[in-house]
Amino acid sequence: MSLGRAIALGTEVLSKPLVDVTVEKSNISCKLRLLLFPYNITLQTSFGTSHSQSDTRQNALALIIIYPTEENVGACYGVAEAGLPPKKKNVYEADINDLKTYFQNFLNTLIAFTTATADNYSDSNDQNQLRGQQTPLLFEGLEDLFHKKPMDIFFEMTDDKVKSLPVKTFKLLFNALDYCEENNDTAKPFIRCGKSLVESLIFDCYGKFSNTLVGNFFAIPNEKPSHQTFYTAAMNPEIDEIVKAAIFGYKHTENLKIKLNSDVELTRNILNRLNSANGLFVDSNDDKNSFSGVGGTVRKNWSIDANCSWTPEICKQMLSEVLHKYKDRIYMVEQPFPVDFLQMGAETLESWKNVKQEYNKHGILFFADESMRNAVDVKKLAPFVDGVNIKF
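These numbers were taken from a predicted model, which means no experiment stands behind them. Within each chain, residue numbers correspond to sequence positions counted from 1 in written order. A pLDDT threshold of at least 70 governs which residues receive local features in this predicted model, and a stricter bar of 80 or more applies before side-chain atom pairs are shown or counted, although totals over entire chains, interfaces and linings include all residues. As a rule here, side-chain values cover all heavy atoms of the structure and leave hydrogens and water aside.

Q: What is the right way to read the overall build of the protein from this model?
A: Of regular secondary structure, the protein possesses twelve helices and twelve strands. Each residue is assigned to one of three classes by its accessible area relative to the maximum for its type, calculated with a 1.4 Å probe on protein chains only: buried under 20%, partly exposed between the two thresholds, exposed over 50%. The buried share of the protein, reckoned over its 392 residues, is 45%. Residue contacts are counted whenever heavy atoms from the two residues lie within 4.5 Å of one another. The contacts in the protein between residues at least 6 apart in sequence include a share of 68% that link residues at least 24 apart. Throughout, the Shrake-Rupley method with a 1.4 Å probe supplies accessible areas, and for residues the shown protein chains are the sole cover considered. Accessible surface for the protein amounts to roughly 20,500 Å². Of this, 49% is attributable to carbon and sulfur atoms. We count a stretch as a helix when DSSP gives it H or I for four or more residues in a row; a strand needs E for two or more, and each element gets its number in order from the N terminus.

Written out as structure tokens, the structure is:
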């Protein structure tokens with residue numbers, strides 16, 4: 001389907017692009033077209049968390065097209081979406097206009113790099129080391145992190161002698177992403193969201209180009225059943241709608257993320273309804289993660305997502321009054337603490353450490369989500385959590 005046809009079919013959903021830039025072919029890059037769309041979504045049911053409730057959402061959808069160098073070869077494309085919930089400081093920090101700014105900055109740098117490198121290109125590596133043009137830092141540290149290099153993409157993206165024009169194009173895209181000066185200003189909170197969008201866009205396109213799953217670029221091991229995709233049952237004024245969403249999600253994954261706030265009685269009612277709902281049981285046993293329950297076999301496949309809304313005292317109350325009953329269903333509790341809890345006093349930190357230990361005694365893991373912002377945070381969070389969420 002053509003881009004124009006796709007837009008015509010969904011003018012209310014995918015409206016006119018905010019950014020639409022074509023970079024012509026050069027001796028170091030294929031012809032490129034990059035677009036950024038407002039992606040307007042009307043939700044079937046209200047989507048709620050502990051801090052917001054919405055019936056509509058304006059996300060961002062990015063598209064890249066790399067045109068072929070041969071007549072009998074089709075174009076390669078990549079697509080990426082950025083979810084843009086209502087802004088919340090230190091959690092959700094970007095809206096569509098922020099991402100428009102980021103995308104334009106990235107494209108300006110890409111065009112500058114393309115022009116400068118093409119004009120100064122030679123076979124001598126020394127002559128091609130323009131200021132700011134370095135080997136991308138994207139793969140720095142991956143060998144230690146995964147105990148082996150992701151060989152194919154690592155060498156393709158860091159080999160100075162690469163001759164393939166499409167691979168040169170991907171190198172150029174990563175360079176523009178990493179070395180765009182305007183997008184490396186840490187005072188701008190939206191840069192993390194912008195970089196995630198563009199990085200995902202490039203990787204999606206490269207995955208199609210190389211016929212490789214994105215996870216395989218980084219030698220990420222195969223998922224365990226308990227680590228697979230979770231479907232989110234968001235908060236809703238009507239518990240029936242939460243149950244309906246959970247049953248719908250079960251058609252796609254057995255793992256369920258349940259959004260909650262700090263209301264203990266509401267939590268009791270929601271979990272009771274989900275636990276007794278028909279259609280939320282598996283048919284086969286898993287020797288580690290399944291047990292017999294009312295209505296069929298159930299698994300340790302719930303994630304309780306508190307979205308920063310609990311205190312240590314609420315955690316203890318939730319566990320003693322509600323969650324202990326479902327300890328054989330709950331795999332983890334996500335982000336019960338405030339996003340900036342590491343900056344709190346020693347007494348509060350000790351309380352969070354004790355709460356984590358108490359949950360662990362009941363077989364429930366603690367995970368960080370919003371507090372996990374970059375790799376540096378992992379070591380800081382380690383005393384307080386069993387794991388972190390990484391989104392890409």
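Now that the structure is up, let's keep going.
Q: Mind showing me how you'd approach unusual backbone geometry here?
A: Generally, phi is negative for residues other than glycine and the peptide bonds are trans, each holding for most cases. The backbone of N211 sits at a positive phi, close to 55 degrees, despite the residue not being glycine. With respect to the helices and strands, the residue N211 is situated in the loop between α6 (191-210) and α7 (214-217). Residue N211 is classed as exposed on the basis of its relative accessible area of 73%.

Q: Looking at this model, I keep getting lost on the nonpolar core. Mind explaining?
A: In globular proteins that are soluble, nonpolar side chains generally tend to be buried together. What we call a nonpolar core is a set of buried Ala, Val, Leu, Ile, Met, Phe, Trp, Tyr and Cys residues that are connected through their side-chain atoms within 4.5 Å. In terms of nonpolar packing, the biggest core is built from 42 residues, with L34, F103, F106, L110 and L173 touching the most fellow members. When residues no more than four places from it in sequence are discounted, the contact partners of F103 are V19, L34, L35, L36, A62, V198 and L201. A233, F341, W352 and L381 belong to the second largest nonpolar core, which has 40 residues in total.

Q: Just to check I follow, could you spell out the pairing of strand β5 (residues 230-233) for this structure?
A: For a regular strand, the rule is simple: side chains alternate between the two faces of the sheet. Criterion used throughout: strands pair if DSSP finds at least two bridges between them. Here four bridges tie β5 to strand β6 (residues 255-259), and the two strands are oriented parallel to one another. Bridging from a neighbouring strand, T232 pairs with K257 of β6. The handedness of a crossover follows from its direction of travel: if, with the strands pointing away from the viewer, the path from the first strand over the helix to the second runs clockwise, the crossover is right-handed. Crossover handedness for the path β5 to helix α8 (residues 239-250) to β6: right-handed.

Q: Hey, could you run me through the environment of D340 in this one?
A: Locating D340 in the fold gives a position in the loop between β10 (330-334) and α11 (346-361). For the pair D340 and E370, spaced 30 residues apart in sequence, the C-alpha separation works out to 9.0 Å.

Q: Would you explain α8 in this entry?
A: Three or four residues apart is the spacing at which side chains of an α-helix point the same way, because the helix has 3.6 residues per turn. The terminal C-alpha atoms of α8, which comprises twelve residues, lie 17 Å apart, in line with the 16 Å expected from a rise of 1.5 Å per residue. For α8, every residue scored as buried is listed here: I239, I242, V243, A245, A246 and G249. With its buried residues spanning 160 degrees around the axis, α8 presents them on a single face. Along its buried surface, α8 packs onto β5, β6 and α9 (264-276). One fewer than the residue count of a helix, multiplied by 1.5 Å, yields its expected span. It is the directions from the helix axis to the C-beta atoms that the arc portrays.

Q: Hey, could you run me through the sheet that holds strand β2 (residues 32-48) in this one?
A: Within a sheet, neighbouring strands are paired by backbone hydrogen bonds and run either parallel or antiparallel to one another. Taken in spatial order, the four strands make up an open sheet running β1-β2-β3-β4, and their pairing is antiparallel. Whereas interior strands pair on both sides, the edge strands pair on one side only; in this sheet they are β1 (19-23) and β4 (76-82). Put simply, the sheet's adjacent strands are angled 25 degrees from each other on average, direction ignored. Helix axes are fitted to C-alpha atoms over the stretch in contact, other axes to C-alpha atoms as well, and angles between N-to-C directions run from 0 to 180 degrees. Relative to the sheet, helix α5 (residues 165-179) contacts β2 and β3 (53-66), its axis offset from that of β3 by approximately 135 degrees. The strands that α6 touches are β2, β3 and β4; relative to β4, the one it contacts most, it runs at about 150 degrees.

Q: Mind showing me how you'd approach the packing of helix α10 (residues 312-321) against α11 here?
A: How two helices pack is summed up by the angle between their axes together with the distance between the axes. Where α10 contacts α11, the two axes come as close as 9 Å, and the packing angle between them is 15 degrees. Relative to α11, the element α10 is oriented roughly parallel. As α10 runs across α11, the sense of the crossing is left-handed. Facing P312, C315, K316, M318 and L319 of α10, the residues of α11 in contact are S351, W352, V355, E358 and Y359. Here the residues of the contact of α10 with α11 are counted per class, giving seven nonpolar, one polar and two charged. The scheme is simple: roughly parallel for angles under 35 degrees, roughly antiparallel for over 145, roughly perpendicular for 65 to 115, oblique for anything else. Helix crossings fall into two classes, left-handed where the near helix is turned counterclockwise from the far one by less than a right angle and right-handed where it is turned clockwise. Classification used: nonpolar for Ala, Val, Leu, Ile, Met, Phe, Trp, Tyr, Cys and Pro, charged for Asp, Glu, Lys and Arg, polar for all others including Gly.

Q: What am I meant to see in the packing of α5 against α6 here?
A: Relative to each other, α5 and α6 sit at 170 degrees, their axes nearing to 10 Å. As judged from the angle between their axes, α5 and α6 are roughly antiparallel. Across the interface between the two elements, P166, V167, F170, L173, F174, L177 and D178 from α5 touch K195, V198, E199, I202, F203, C205, Y206 and F209 from α6. In terms of residue class, the contact of α5 with α6 is made up of twelve nonpolar, no polar and three charged.

Q: Before we go on, may I ask you to explain the sheet that holds β10 in this structure?
A: Pairing is parallel in the open sheet, where six strands are placed in the order β5-β6-β9-β10-β11-β12. Single-partner strands in this sheet number two, and they are β5 and β12 (387-388). Across four bridges, strand β9 (residues 302-305) lies against β10 in parallel orientation. Within the sheet, the bridge partner assigned to S303 lies in β10 and is M332. Together, β5 and β6 form the strand contacts of α8, whose direction differs from that of β5 by roughly 165 degrees.

Q: Can you walk me through the pattern of salt bridges in this structure?
A: Proximity of charged atoms lets side chains of opposite charge pair with each other. Salt-bridge detection follows one rule: a side-chain nitrogen of Lys or Arg within 4 Å of a carboxyl oxygen of Asp or Glu. Taken as a whole and assessed by the stated rule, the structure comprises 16 salt bridges. Put simply, K244 and E241 hold a salt bridge, and the shortest N to O gap is 3.5 Å. One end of the pair is K244 and the other is E241, both in helix α8 and three residues apart, which spans about a single turn. Of the residues examined, K244 reaches a relative accessible area of 52% and is grouped as exposed.

Q: How should I be thinking about the packing of aromatic side chains in this particular structure?
A: Centre-to-centre distance and the angle between the planes together describe a pair of aromatic rings. What counts as a ring pair is set by centres within 6.5 Å for rings of Phe, Tyr and Trp (its six-membered ring), and what kind of pair is set by the plane angle: stacked under 30 degrees, edge-to-face over 60, tilted for all other angles. Under the defined criterion, the tally for this structure stands at 14 aromatic pairs. A ring pair is formed by W302 and Y326, whose centres lie 5.7 Å apart and whose planes are at 40 degrees; its orientation type is tilted. On the criterion of sequence distance, the pair formed by W302 in strand β9 and Y326 in the loop between α10 and β10 is long-range, its members being 24 residues apart. Residue class for W302 comes out buried when judged on its relative accessible area of 2%. The class for Y326 is buried, based on a relative accessible area of 4%. Between F337 and W352 the ring centres are 5.5 Å apart and the planes differ by 90 degrees, which places this aromatic pair in the edge-to-face class. Here F337 is found in the loop between β10 and α11, whereas its partner W352 is found in helix α11, with 15 residues between them in sequence. Of the two residues examined, F337 and W352, each falls in the buried class. Feature note: the residues F337, F341, W352, Y359, F366 and F384 constitute an aromatic cluster, connected by ring pairs.

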